[in-house]
Structures are given as C-alpha cells and as structure tokens.
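Structural overview
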Amino acid sequence: MNKPVTAAEHLSMDIAAEAEAVISGVELDPTLREQMDLEDGMIEAGKARYWRLVAEAASKPDRGADGIPARTAIRLSEDKLAAAIQAWVESFVGKRGRQPSGLRSIKAIDPETCAFITLRVIFNHLASSAQAQLPKLATKLGVAITDEATLRQFEERHPAIVTLINQRLSSKSRIHYRRVLKASLNRKAPDIVEQNLPDADYLTVGLPLIELVETATGLIKTTRTKASSTVELSEECKKFFEDVHTRAQYFQPVYGPTIVPPRPWQGFRNGGYHYGLAGKLTLIKTRDKEHRKLLEAADMPIVYAGLNALQNTGWRINLPVLEIMDYAARVDSGIGGLPLVGDMDIPTVPADIPLKKEDRTPEQQERLDRWRRIAAAAYKENDERKSNRHSVSQTLALAQQYAGHETIYFPHTLDFRGRAYPVTSYLTPQGTDYQKALLQFAEAKPISHANRGLFWLAVHGANCMADCPITGAKLDKGKVEDRVSWVHANSDRIWQVARNPLDNLDFWSKADSPWQFLAFCFEWEAVCDAMAKGETPVSSLPIALDGSCNGLQHFSAMMRDEIGGAAVNLVPQEVPADIYTKVKTKLIERLVALAAEQEEQPEIEEVDEEEDDAEIIDTGVEGITGKKGKKKVRKLSPIAAARTWVDSGQVDRGMCKRPVMTTPYGSKKFGIKGQIREELRKRKFKFANGVDGFAECGFLAGEIVDAIGRVVVKAREVMDWLQESAAVLTRIGTAVVWTAPSGFIVRQAYPQTALKRVDTFFHGQRFVPQLLVERPGTLDRNRQTNGVSPNFVHSMDGSAMIITVYRCAVERAIQSFAMIHDSFATHAADTEQLAFILRDVFVRMYTEKDPFEDFVAAVFAAIEGSDEELKDPPAKGKLDLSRVRDSLYFFL
C-alpha cells in the first residue's frame, strides 16, 4: 500500500519541478543562459566596487572607522561600552583616596559620546592594520577625549561663540575649523585649556577606556609582555568583520539591462530580474514597515500593469550614435558637451604674499582673495569633470556591451511617492542627453500622414535643437507649425549631418540636446531616403512630449487657477505660454522700479549695540565676529542690489528657469540662492570690485520667490497650506497618508533621528557621522513640513504617468514607452494617440475625483478631537479643466 503524500512533500515536489523547469529552460535557450551570466556579472561588478571602496578607505589615515564593518560594530557596541563607562565613573563616586588620573576628563563627557569617540579612534587604527602599540593608541585616545572634555567646557561657558563658529565655518576644512576653535578657546577661556601635557597624562585617560572596550564588548584583545604591549582586533571581531564584508559585498550589485523581458511585478517582491538577482528588488525601497503593510494589502492593478508595461518596453543601442560618441570621447574633443579629459590648471598662490594676514597690504590681500576664488572654482570644475568623465566612460562601456543585442529591457521600481524609475545606472531611458541618444526602441514602426508620424518626428527634431545656432530660430518657444517648417527648410543640413556628422559639428553639436538631435538627423535622413524610393518609412526614436513646468501644471489644475493655468499652458493659446519668461518679466519690472528709487543708506554701515539689539560676539579670532561692539558690516540695501542686477545684464529667462521648475518641488529662498550662484559660475560672471556676490544672490533669490508667487498665486497658496497641514499632523503624532489617483498609497513619515551620541567635537570639529539612529514612532517636524508639498505633487505626476501608460497599453495596444514624469515618449507612429490620452488622463484625474479635496478631508478627519486647529484650504478659481484637451502646448 502506497504511503499518502503529505502537504510538505507536495510542496517539495513542486519546488523541485519548478527548479528543474528553470534549469531545463536555461540549458535549452542560449538567451536565458546569457541572461543568467549577465546577472552574475552584475553581482561580481558590485562586489568589485565594494572591495575597491574598502581598499580606498584602508589606504587613508584615520578612516578605518568609516568602513561598513566598523560602523556596524560601533552601532552594535556603543550602548554596551557607554554603560560600562558610566559604571566605571560611578564606581569612584564617594570613594576616598587617590582616584584615577584620567577620571576627570572621562567623566566630563557624557558616556555615549565618550563611547563613540573611543570606538572610532580604536577602529581608525585597527580596521586597516593588524595591531597597534598600546601606549601609542592609548595616548592618541587620551588626546581625543581630553580635547572633547575641554571643548565641552568651553561650549558650556560660551555657547554663543561655539554656535557662531559652527555656522561660519561649516563648509571649511577640519584643520582650519580646529585652529579657529582653539584660538578662540585660548583667548576666551585659557583656564580650562590643558596644552602640551606629557604623554603620560594622556595615557592615563586612554588606558582605562581601552580596557573597558576589551571587557565590555570583546572587540579587541590586548597583549602585554616585557618587551611590548599591543592591541589588535579580537578573533570574534575579525570574524564579525569578515561576515559583514561577506554580506555587504552583495548589497549593491551594479544593475544593468536585461536581454529577456523582466519578471513582472505582481506583489511587493520578485519583480525585475530572474536568476542571481531574483528577489533583490522590492516594489519600493523603504524602511517604513507601516508603508509596506499598506502597499502589500492595497489593490493597485493600474500601478502594477503600468509599471510592467514600462519595463516590458524593448530597446536597442543606437549604433550610429554610439560610433560617433565613442570617437568623440576617444579624441577628447568636447563634442556635444562631452567632458574633456584634461583638468583645469590650478593657479599657484602668489609667492610675494606674507603668510600672516596682519603683514599683508590691502593690494596683497585682494590678490590673495582673488586667487582663492579662482582656485576654488578650478577645483570644483575638475571634480565635476572627473565625475562626468566617469559617467561617460561607464555609459559607453555598457552601450558597447549591449550593442550586439537586438532587444534589451530596463527593470523598473517605484519610489515611495509612486514615481517609476529604471534601476539601472548610466545607460537608462531617464538619463542625460547623451544617455538617451544611445537608445532607440527595438521595434521600428511605419509612419505616415494617417498617423501623423512624420509630423511628430519633425516636432521632436525641432525641440531637440531648441535654439538654432545658424538660423537663430527659437524653436521650443514658437508655434508648432514653425517648428515643422524649420525642419523641412533645413533638411539639406540635416542630411549632411547624417551622412558626415564630424564635418557638420557647428550645426548639430550646438543644439540644446545635441546627441538626441544627432539621433534625429540619422532618423530623418533614413525616413526621407525611404520616401524618395517610394518605400514606407519607419521610425524607432522615442518622440518626447514635455510638460510646461509640470509641477505647477498639477498645482494650477487642482486649484482651478486661471492665471497660473494660462502661464503653464492648461488652456489653448496661439503660441506657447512661457512661465519662465513671465517670471523674468515680473522680476525685471520689480528690479527696475527699485533701482530708480532714491538711495538712502550706504552699503557699508557701522553697526553697534545702540543700533542693533542682536548680540555681537567677539570670538577672539579675526573675521569670526557676531554682533555687539562695532564692526564694519556689508549691509546691501535693496536699491543698491537692484541696481547691481539691472547693470549686470544677467537677469534673463535662464536665470529664472531652474528656480521656477524647482519651486513646486520644495525649493525656497536658500536653495534658489545656491542655484543663482551656480548659474553665475557656469556663465563665468564676476561682480565688480572683487565682490563675492553672496548678498546680491540672496537678494535676487527673495525677489524671484516673490515674482513666482505673483505669477502662480494659487500654487503658492496650496503649497503653504500643505505645509501647515503637515505641521498640525506632526504635532498630534500622525503621519501624512494619502491615496494617489493611480491607487498607489503614499505614506510620509520621516522619523526623528537620534543625534545625541554622535554630536561631538571629534578631533576638534563638530562631527555628525552617518550613524543616525531613527527613533521609531516619532516624526521630524521640519522634514514632514518641508516634504509634503513636493511629495504630494510628485505623487500626482507619478500617477498621471502610470495611468497614461496603462491606458495606452490597454486601450491602444501601445507597447513602447520612454517616460520621465514630466516627459512622455513613444513611437512617432503612436505619438498622436499618446498626446490625446495623456491630456484625457490629466483632466479626469482632477474632475472625476478630487485628490486635493480627498487629502483635505483626511487631514481634518485626523485632527478631529484634538486641540489643533487648521485654517480652511485656499479657495479654488474657475479654470475650466476640460480645455486642457484642446491645449496643444500643454505637453509638446
């Protein structure tokens, strides 16, 4: 009689059968076998990168504690050591007789900080070397602890000085920071400074701490003989390091494209890759367990279907573009904006300038300041060039690797707002101009007058050119008919580019998107050639339709803002509205009006106690001064600042574009100030008389914020209300949760982080390492408030994209997509259908339901019964959203 098969045995048999099927499939299909090899290669590439970083860290002095194993060991052992230190200190309380020499310094610091510094000093020595001499290590540890104790006392006595030094020198080097801090300390509190102590005194501080590390944590082992005394990692710690390395090397594989369709997403796990990387990806990458639970329980068919359609898009390498790009990179030509191989020369410091500031003449100081600015700019430029060269190199290497494949795919995941991204680096449909240009759809689809494919291909080419260097046409701001006409009028030039790109660089390489324009030239030439032969032309280029400042489009739509909606093309117009120009116009009107006013206050003012109630702090260090006493302060009046900008000629559309684009995503005055300074650096613009422009850029940032608010009033109001609502929810301890129109559930719950134990003057500098410990169940008020507006609008544009892909795939059988949240692309043959559907999706998102009203209702329901109050949301306008369907320039 046969024994019945148990459920466990059935399961085992099913697993075995599935494994056998996979093995058989791989053995029979060379493509599957190659895919398996590719995934193994991605894992190996991640391991190689990990060990390269480990070796780089080990080669640098005092960096051993930055490695993953050491950081993990510190995190796991810090509490144990802190408890042991506290117990050791308390054991001497009330005891008579001589106490340990190092007790005073050790107990001057809280046990958590003392533990952190101790572990970090030890691992800095031992993580990259076999052992250390006990006296030397103990002495160095004693110096670190004594410095910390001294600086803590100084901070308690003069907190304002330390705060000011932190603020003024936050971006300076550690050495300079330490010098300033010590100089101020010596002047203001010399009685607490213990300088040039004998090594024996420092030794007595470090020795008991090393002993406590050994006994309380077991991380180290000391060996003492008559000849020498040494410290090394314990065998258990070495094994721990090996285990962490073994696991960590697999944490970050170098994800690349697949050559078989990615595994479809059906739940939170197991989408994307098939073999060695199977299960490595999750639908979203989050540590928020509550968010995971919400998503795992949610019914999100549109999200899954849209995401799978995105990653099922077949791609191939654009070989003609690859050939030219590879040549351009090898000859170091800078063609099409590729980074040059050489670095900028770093100017040498003028040799005739005295080392001490007091010995310099004003002329020498001015030349030194000028050298510092030029050298800093050169260093920054070289860093950017290095990073860009690495990106180009990696992109070309991947393109060469996949050039022989007829079809490749890009696995996608979502972020916590519901936005979709490819998981690959460098070679990606959402990359830079040159990265996008290397990709085309694997399928070439026929284009005709019936599907308007030729029209949309021409529009795409004109958009890539934008500003023509030869004809002077401003194509991306003109009528769509003019764009198409420009392409036909310049067909001869386009053909010449396609046939000999290197002899026509002055045309295509000066385009706004030069490499994508080159790809268009190849495509246009092939299409025209086919038509001339009487053949049906085909096209495989992604034809991008871009939103007009898409974040503001969403805010204007949800608030029915007539003014803002018109500025971002939510209504039909003869020519495209340009919000960047509108903001620039408002800004210049304001600057000109200000500049015409009578100046009443000088640029340099004498500030003293009677004029300013703020405290001026004398730190004892030249140049680091607060307010109280007298000081020459450069106080720029609005009138003087306005005149400076009017005379500069730099206030144009380009200066306003990035601030306008980033405003709906959270940029404020401080961030915009940095954007302005960066734009000026790119333009190589310098203010007269050696002025650094810091005050001028701060003034202009505030004026740009005001100008944006005058153009899109409702958007500004709703952003402010979203922030207020998040602040109220945070005060009652409630996360911000909403359901996006796609069905994706968003949960914003930024936790507070515990910084107490790592808030230290390690080696003389305020030190906040990446060992932040999140406090479960808490909410960070600043992050919650600042994050809600950009996250809400991100979830809206993410939904619009996913729903659009879903409807295109289901209703129109479109199978190829290149989507970037505010830029939607498909074949030229299908662009007309995409253009209709994306508009219809946008209108329905805000008319069939009202996601903002749903959010408002959820917020008021959450605060009901609490003591918190929240004002009503801003009133909506009267914009007729149905007009979006007829707005050609809404997405173009």
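The model shown is predicted, which means the values in this text are computed figures rather than measured ones.

1. Some points on the sheet that holds strand β3 (residues 229–233)
The sheet built from three strands is open, its strands ordered β1-β3-β2 with antiparallel pairing. Each edge of the open sheet is held by one strand with a lone partner, namely β1 (131–133) and β2 (220–224). Adjacent strand axes in the sheet meet at a mean angle of 25°, parallel and antiparallel pairs treated alike. Bridge count between β1 and β3: three bridges; the pairing is antiparallel. Among the inter-strand pairings, Gln-131 is bridged to a residue of β3, identified as Glu-232. Contacting β1, β2 and β3, helix α5 (residues 111–126) runs over the sheet at an angle of about 90° to β3.

2. Some details on the packing of helix α28 (residues 713–731) against helix α31 (residues 851–863)
Between α28 and α31, the least distance of the axes is 10 Å, while the angle of their chain directions is 25°. Taken together, the axis directions place α28 and α31 in an arrangement best described as roughly parallel. You can see that α28 and α31 cross each other, and the crossing is left-handed. Judged by residue contacts, Val-718, Trp-721, Leu-722, Ser-725, Val-728 and Leu-729 of α28 engage Phe-852, Phe-855, Val-856, Val-859, Phe-860, Ala-862 and Ile-863 from α31. Considering only residue class, the contact of α28 with α31 consists of twelve nonpolar, one polar and no charged.

3. A look at helix α2 (residues 30–58)
Its 29 residues give α2 an end-to-end C-alpha distance of 42 Å, which sits within 8% of 42 Å, the value for a rise of 1.5 Å per residue. On its buried side, α2 packs onto α3 (68–90), α10 (235–248) and α14 (362–402). Where α2 starts, the residue carrying a side-chain oxygen 2.8 Å from the main-chain nitrogen of Thr-31 turns out to be Asp-29.

4. Quick look at helix α26 (residues 669–683)
In this model, α26 (15 residues) spans 21 Å end to end at C-alpha, consistent with the 21 Å of a helix rising 1.5 Å per residue. Ile-672, Lys-673, Gln-675, Ile-676, Glu-678 and Leu-680 are the residues of α26 that are buried. Directly after α26, the chain includes Lys-684, whose backbone phi takes a positive value near 60°.

5. Some words on the side chain of Ser-234
For Ser-234, the position within the fold is in the loop between β3 and α10. Within the local environment of Ser-234, its side chain forms a polar contact with the backbone oxygen of Gly-218, the two atoms lying 2.6 Å apart. Leave out the neighbours within four places in its chain, and Ser-234 touches Gly-218, Leu-219, Ile-220 and Lys-221.

6. Notes on the packing of α26 against helix α27 (residues 694–711)
Where α26 meets α27, the closest approach of the two axes is 8 Å, and the angle between their N-to-C directions is 120°. One finds that α26 runs oblique with respect to α27. For the pair α26 and α27, the crossing hand works out as right-handed. Where α26 abuts α27, its residues Lys-669, Ile-672, Lys-673, Ile-676, Arg-677 and Leu-680 lie against Phe-694, Cys-697, Gly-698, Leu-700, Ala-701, Gly-702, Ile-704 and Val-705. Grouping the constituent residues of the contact of α26 with α27 by class yields nine nonpolar, two polar and three charged.

7. With respect to the side chain of Ser-823
By the element assignment, Ser-823 lies in strand β18 (residues 823–826). Here Ser-823 falls in the buried class, since its relative accessible area comes to 9%. Separated by 2.5 Å, the side chains of Ser-823 and Asp-546 make a polar contact. For Ser-823, the residues in contact, after removing those within four places along its chain, are Ala-544, Leu-545, Asp-546, Ala-818 and Phe-891.

8. Overview of the pattern of salt bridges
Using the criterion set out here, one finds 39 salt bridges in the structure. Arg-590 is the salt-bridge partner of Glu-703, the closest N and O atoms lying 3.1 Å from each other. You can see Glu-703 sitting in helix α27 and its partner Arg-590 sitting in helix α23 (residues 579–595), a full 113 residues away along the chain. Taking relative accessible area as the criterion, Glu-703 reaches 8% and is therefore assigned buried. By relative accessible area, which is 36% here, Arg-590 ends up partly exposed. In this structure, Glu-853 engages Lys-876 in a salt bridge whose closest nitrogen and oxygen atoms are separated by 3.8 Å. Placement of the pair is Glu-853 in helix α31 and Lys-876 in the segment after α31, with a sequence separation of 23 residues. Overall, Glu-853 belongs to the partly exposed group, its relative accessible area being 35%. When salt bridges that share partners are traced, they join Arg-807, Glu-811, Asp-840, Arg-844, Glu-848 and Arg-885 into one network.

9. Focus: the environment of Tyr-750
As for its position among the elements, Tyr-750 is in the loop between β14 (745–748) and β15 (753–754). The class of Tyr-750 is buried, set by a relative accessible area of 19%. Tyr-750 sits 15 residues away from Ala-735 along the chain, and the two C-alpha atoms are 8.3 Å apart. The residues contacting Tyr-750, other than those within four sequence positions of it, are Phe-416, Thr-778, Leu-779, Asp-780, Arg-783, Gln-784, Gly-787 and Asn-791. Reaching out from Tyr-750, the side chain makes a polar contact with the side chain of Asn-791 at a distance of 3.1 Å.

10. What to know about the pairing of strand β13 (residues 736–739)
Of the two faces of β13, the one holding Val-736 and Trp-738 is buried and the one holding Val-737 and Thr-739 is not buried anywhere. Bridge count between β13 and β14: four bridges; the pairing is antiparallel. Residue pairing across strands places Trp-738 opposite Val-746, the latter belonging to β14. Linkage of β13 to β14, two consecutive antiparallel strands, is achieved through a turn of five residues, within which Gly-743 is found at a positive phi near 100°.

11. Observations concerning empty space enclosed by the protein
Per the stated rule, a full pass over the model turns up three cavities of 30 Å³ or more. There is about 50 Å³ of room inside the largest cavity. Forming the walls of the largest cavity are Asn-550, His-554, Ala-800, His-821, Phe-824, Leu-838, Phe-842, Phe-890 and Phe-891. At the level of secondary structure, the elements contributing two or more residues to the lining of the largest cavity comprise α21 (550–558) and α30 (831–847). Partitioning the lining of the largest cavity into residue classes produces six nonpolar, three polar and no charged.

12. A short note on a nonpolar patch on the surface
Taken together, the side chains of Tyr-327, Val-331 and Leu-502 make up a nonpolar region of the molecular surface, amounting to roughly 220 Å² of accessible area. With respect to the helices and strands, Tyr-327 occurs in helix α13 (residues 319–330). Under the relative-accessibility criterion, Tyr-327 is labelled partly exposed at 34%.

13. As for the confidence of the model for the protein chain
Summary statistics for the protein chain give a mean pLDDT of 85 and a share of 84% for residues scoring 70 or more. A low-confidence stretch, residues 755–771 (pLDDT under 50), is modelled with 62 contacts involving residues beyond four sequence positions or located in other chains.

14. Focus: the environment of Leu-591
Tracing the sequence through the fold places Leu-591 in helix α23. Look at Leu-591 and you get buried, because its relative accessible area is 1%. Spatially, the C-alpha atom of Leu-591 lies 5.0 Å from that of Ala-642, the residues being 51 residues apart in sequence.

15. Digging into unusual backbone geometry
Despite not being glycine, Ala-466 has its phi angle at roughly 65°, a positive value. Tracing the backbone through its elements, the reader meets Ala-466 in the loop between α16 (453–465) and α17 (480–489).

16. Examining the packing of aromatic side chains
Taken as a whole, this structure holds 27 aromatic pairs when the rule is applied. Relative to Phe-792, the ring of Trp-738 has its centre 5.5 Å away and its plane inclined at 55°; by these criteria the two rings are tilted. Separated by 54 residues along the polypeptide, Trp-738 in strand β13 and Phe-792 in helix α29 (residues 781–812) bring together distant segments of the chain. In this pair, the class of Trp-738 matches that of Phe-792, namely buried. Pairing Phe-842 with Tyr-846 gives two aromatic rings, centres 5.4 Å apart and planes at 65°, and the pair type is edge-to-face. Taken together, the positions of Phe-842 and Tyr-846, both in helix α30 and four residues apart, correspond to about one turn of that helix. The two residues Phe-842 and Tyr-846 agree in class, both being buried.

Cut-offs used in this document
Residues numbered from 1 in each chain as written. Predicted model: local features only at pLDDT ≥ 70, side-chain atom pairs only at ≥ 80, totals over all residues. Heavy atoms only, no water. Pairing = 2+ DSSP bridges. Helix = DSSP H or I, 4+ residues; strand = E, 2+ residues; numbered from the N terminus. Axes fitted to C-alpha atoms, helices over the stretch in contact; angles between N-to-C directions. Contact = heavy atoms within 4.5 Å. Parallel < 35°, antiparallel > 145°, perpendicular 65-115°, else oblique. Left-handed = near helix turned anticlockwise from the far one by under 90°. Nonpolar A, V, L, I, M, F, W, Y, C, P; charged D, E, K, R; others polar. Expected span 1.5 Å × (residues − 1). Polar contact = N/O pair within 3.5 Å; in protein donor to acceptor, adjacent residues only side chain to side chain. Buried < 20%, exposed > 50% of the residue type's maximum accessible area, 1.4 Å probe, protein only. Salt bridge = Lys/Arg side-chain N within 4 Å of Asp/Glu carboxyl O. 1 Å grid on protein atoms, 1.4 Å probe; cavity = no way out; pocket = protein on both sides within 12 Å on 5 of 7 lines; lining within 4 Å. Points joined across faces, edges and corners; volume = space filled by probe spheres on them. Patch = residues over 30% accessible without salt bridge, like charges linked within 9 Å, V, L, I, M, F, W, Y side chains within 5 Å. Areas by Shrake-Rupley, 256 points an atom, 1.4 Å probe, with all protein chains shown as cover. pLDDT = per-residue confidence, 0-100. Phe/Tyr/Trp six-rings, centres within 6.5 Å; stacked < 30°, edge-to-face > 60°.

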